Amino acid sequence: MAVVQMPARRRHMSALRRREAIAGLLFVLPWIVGILAFTVYPILASLYFSFTDYNIVQPPRWTGFSNYTAIFTSDTDFITGVQNSAYYALISVPLGLVLSLVLALVLNLRVRGVGIYRSLFYLPSLAPPVASTIVFLMLLDPSHGVVNVFLTTLGLPAPAWFSDPSWTKPALILLSLWTSGTATIIFLAGLQEIPQSLIEAAMIDGAGRWQRFWKVILPLLSPVVLFNLVMGVIYSFQVFTQAYIVGHDTGDPVGSTLMYMTLIYRSAFKYFRMGYASALAVLLFVAIVTVTFVIFRVSRAWVFYEGEQHNA
Amino acid sequence: MARQLGAKVDGATVVAPRRRLRRIIATLVPHLLLALVAFLFLWPFYWMTTTGFKSIEEILSPNIIWFPGVWRWSNFGDVLNYPGFPFLRYMVNSFVYAGSVTIGTVLSCSFVGYGFARLRFPGRNILFAFTIATMMIPTVVTFIPTYVLFRYFHLLGTYAPLILPSFFGNAFFIFMLRQFFMGLPWELSEAAKVDGAGEFRIFWKIMLPLVRPALIVVAVFSFVWTWQEFFQPLIYLSDPDTYPLSLGLFAFQGERTTDWQLLMAAGTLTTLPLVVLFFAAQRYFLQGITMTGLKG
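These notes cover the structure that comes with them. Position numbers for residues count from 1 along each chain, tracking the sequence in the order it is written. Chain A is the first chain written and ligand 1 is the first ligand written, with later ones labelled in order. With the structure being a predicted model, the display of local features is reserved for residues of pLDDT at least 70 and the display and counting of side-chain atom pairs for 80 or more, all residues being used for whole-chain, interface and lining totals. Side-chain measures were taken over the full set of non-hydrogen atoms in the model, leaving aside hydrogen atoms and water.

### Considerations on the pattern of salt bridges
Residue and element names in this part refer to chain B. Salt bridge, as used here, is a side-chain nitrogen of Lys or Arg placed within 4 Å of a carboxyl oxygen of Asp or Glu. Scanning the entire structure with this criterion turns up seven salt bridges over all chains. For the salt bridge of R256 with D259, the shortest nitrogen-to-oxygen distance reads 2.5 Å. Three labels apply to residues, based on accessible area from a 1.4 Å probe with only protein chains included: buried if under 20% of the type maximum, exposed if over 50%, partly exposed otherwise in between. A relative accessible area of 28% places R256 in the partly exposed class.

Next comes the structure, spelled out in structure tokens:
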């Protein structure tokens with residue numbers, strides 16, 4: 001009996017499985033279309049456009065490496081854009097990480113009202129970048145801004161901020177630090193995941209505050225640090241809105257706010273040099289992928305995953 | 001290790017009277033630090049809102065003026081009636097834009113997330129790995145061809161390029177919702193299957209209501225991020241009447257560079273809806289940020 005029934009049941013099962021497979025594919029169908037139309041096609045097309053002369057009205061014309069040669073040999077703004085974006089990323093990312101980590105550590109001391117502080121720290125992240133940049137333009141106004149009024153009252157030197165080319169990027173970095181609340185909340189959640197027993201064990205072993213932080217808390221938090229670091233790098237390399245509102249597409253004053261992303265925007269949508277803009281975009285993409293890869297590679301030395309500990 | 005411990009204990013017994021003072025400092029210092037940072041973080045908000053009510057003389061005063069002498073609601077009226085800058089219209093546009101993207105994202109991501117979590121189909125694992133990989137792809141390599149694509153379909157200047165992609169899913173939210181669907185008990189869907197319910201019915205009637213908190217997280221974040229969006233509207237929209245608030249505010253700043261009372265009133269109008277949303281759905285925000293960070 002059983003032997004006879006088996007094939008029938010299996011056929012029944014496979015019919016069910018097939019129906020499930022069809023249903024599954026239908027459920028993810030929008031995403032398959034989305035990936036093809038908004039990820040795969042654009043990446044391939046960006047690469048292709050970067051080897052062409054393309055003004056969007058006429059079809060792209062193959063020009064080989066000429067866009068890339070032009071970027072490296074005759075585009076002086078390219079170097080400016082790279083320098084500005086690198087300056088911004090190299091300072092705002094580490095500062096943001098340290099600030100949010102310190103805030104999270106203080107919040108994790110189980111002081112009263114943690115919930116309120118957490119919400120208050122997050123609030124600035126809600127302000128649309130256009131609004132927050134204009135607010136900072138006002139606060140840091142060289143002559144009437146409240147920051148400089150305050151600094152002068154104290155007898156301190158008052159920089160011209162967004163009017164002085166050497167102070168525009170520090171001002172933009174201040175603006176980015178203002179939105180450290182998101183990273184703070186992520187760090188705090190990571191800290192709360194650390195088992196209290198491990199910290200107590202370290203205390204019994206005689207580890208002081210400082211040692212507990214470096215030897216226990218930071219290693220256990222390192223995956224979260226890595227996450228915030230990678231996200232910060234990807235985001236800050238592509239910084240655009242804040243810099244564009246301050247310096248428009250010329251990077252005023254004197255090119256000091258001309259970010260790399262501004263260059264791409266300007267080439268594509270002001271001069272309609274889509275091929276050239278694509279070449280710039282491909283270079284930035286390669287830079288981001290390389291930096292991310294290096295971070296992940298180096299992270300093996302300092303990121304600690306709990307799973308490994310159990311295996312060892 | 002033992003010597004260290006001994007030294008610590010000795011030290012503690014010798015300085016016993018100082019410990020109380022140290023404990024007071026230990027509780028006071030964090031509070032002072034947090035209060036200071038909270039003050040610094042909130043202060044730009046405070047300054048934006050109050051400046052929106054000030055007169056230009058108060059703004060240009062060489063002294064710091066903490067409160068406007070008279071609360072000038074008229075500044076807000078001036079912004080709303082400013083010729084050439086229809087702020088009410090911008091606000092409606094922003095609501096329609098962010099609302100549509102939210103609907104599109106929640107719908108598409110819950111379908112796709114469910115498919116990945118609960119249904120077996122060939123190629124599922126590869127497709128899912130690919131989905132994770134796309135989270136790391138910076139938008140910089142996708143926006144030019146996407147623009148070309150929408151130009152080809154004569155959709156430049158409309159909201160289609162801004163809204164349509166959201167109906168095709170978002171890697172980040174798909175991943176999040178998948179985790180939620182995976183956590184639901186399998187007995188539920190099997191029981192429904194025995195009762196003869198189809199996959200769609202199980203999803204729509206049984207599973208979807210169970211992940212409601214996660215759907216709210218997706219909804220609030222896509223709403224906020226769309227409301228804040230500047231770059232996409234900047235490249236796709238050209239008619240000022242179609243601008244969302246972010247772009248309208250930028251254009252307004254170009255016109256009234258240093259009329260801070262008007263700019264701040266407009267900035268307050270642009271920010272306020274998100275602040276209201278935040279206080280209405282606070283726990284979903286905090287939950288969402290926590291999840292994204294730790295699952296990453």
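### Looking at the interface of chain A and chain B
The contact criterion used throughout is that any non-hydrogen atoms of two residues lie within 4.5 Å. The partner chain B presents 95 residues to the 100 residues of chain A that form the contact. Simply put, the buried area is the total loss of 1.4 Å probe accessible area from both parts when two parts are fitted together. Summing both sides of the interface, chain A and chain B together bury roughly 8600 Å²; the carbon and sulfur share of this comes to 81%. Looking at the side of chain A facing chain B, the largest losses of area belong to F27, W31 and F38 of chain A, adding up to 10% of the total buried there. If you look at where chain A meets chain B, you find one salt bridge. Among the salt bridges present, the one from E20 of chain A reaches R120 of chain B, with a minimum N-O distance of 3.1 Å. In protein, a polar contact requires one atom able to donate a hydrogen and another able to accept it; more generally it is a pair of N or O atoms within 3.5 Å, and residues adjacent in sequence count only if both atoms are side-chain atoms. One can count 12 residue pairs in polar contact (both at pLDDT 80 or more) joining chain A with chain B. Each helix corresponds to a stretch of at least 4 residues labelled H or I by DSSP, and each strand to a stretch of at least 2 residues labelled E; elements are numbered beginning at the N terminus. Element by element, the count of residues in the side of chain A that touches chain B is highest for helix α1 (residues 2-49) of chain A, at 24 residues. Only Asp, Glu, Lys and Arg are considered charged, only Ala, Val, Leu, Ile, Met, Phe, Trp, Tyr, Cys and Pro nonpolar, and every remaining residue, Gly among them, polar. Looking at the side of chain A that touches chain B residue by residue, the class counts come to 76 nonpolar, 17 polar and seven charged.

### Description of the environment of W186 of chain B
Residue and element names in this part refer to chain B. Its location among the elements puts W186 in helix α10 (residues 186-194). In this structure W186 comes out as partly exposed when scored by relative accessible area, which is 41%. Distance in space between the C-alpha atoms of W186 and D78 is 59 Å, their sequence separation being 108 residues. When sequence neighbours within four positions are dropped, the list of residues in contact with W186 reads A117 and R118.

### Section: helix α8 (residues 181-193) of chain A
Residue and element names in this part refer to chain A. For a helix, the expected span equals 1.5 Å multiplied by the residue count minus one. Taking 1.5 Å of rise per residue, the 13 residues of α8 would be expected to cover 18 Å, and the 19 Å separating its terminal C-alpha atoms lies within 8% of that figure. Burial within α8 is extensive, with 10 of its 13 residues counted as buried. Residues of α8 that are buried include every one of G181, A183, T184, I185, I186, F187, L188, A189, G190 and L191, and no others.

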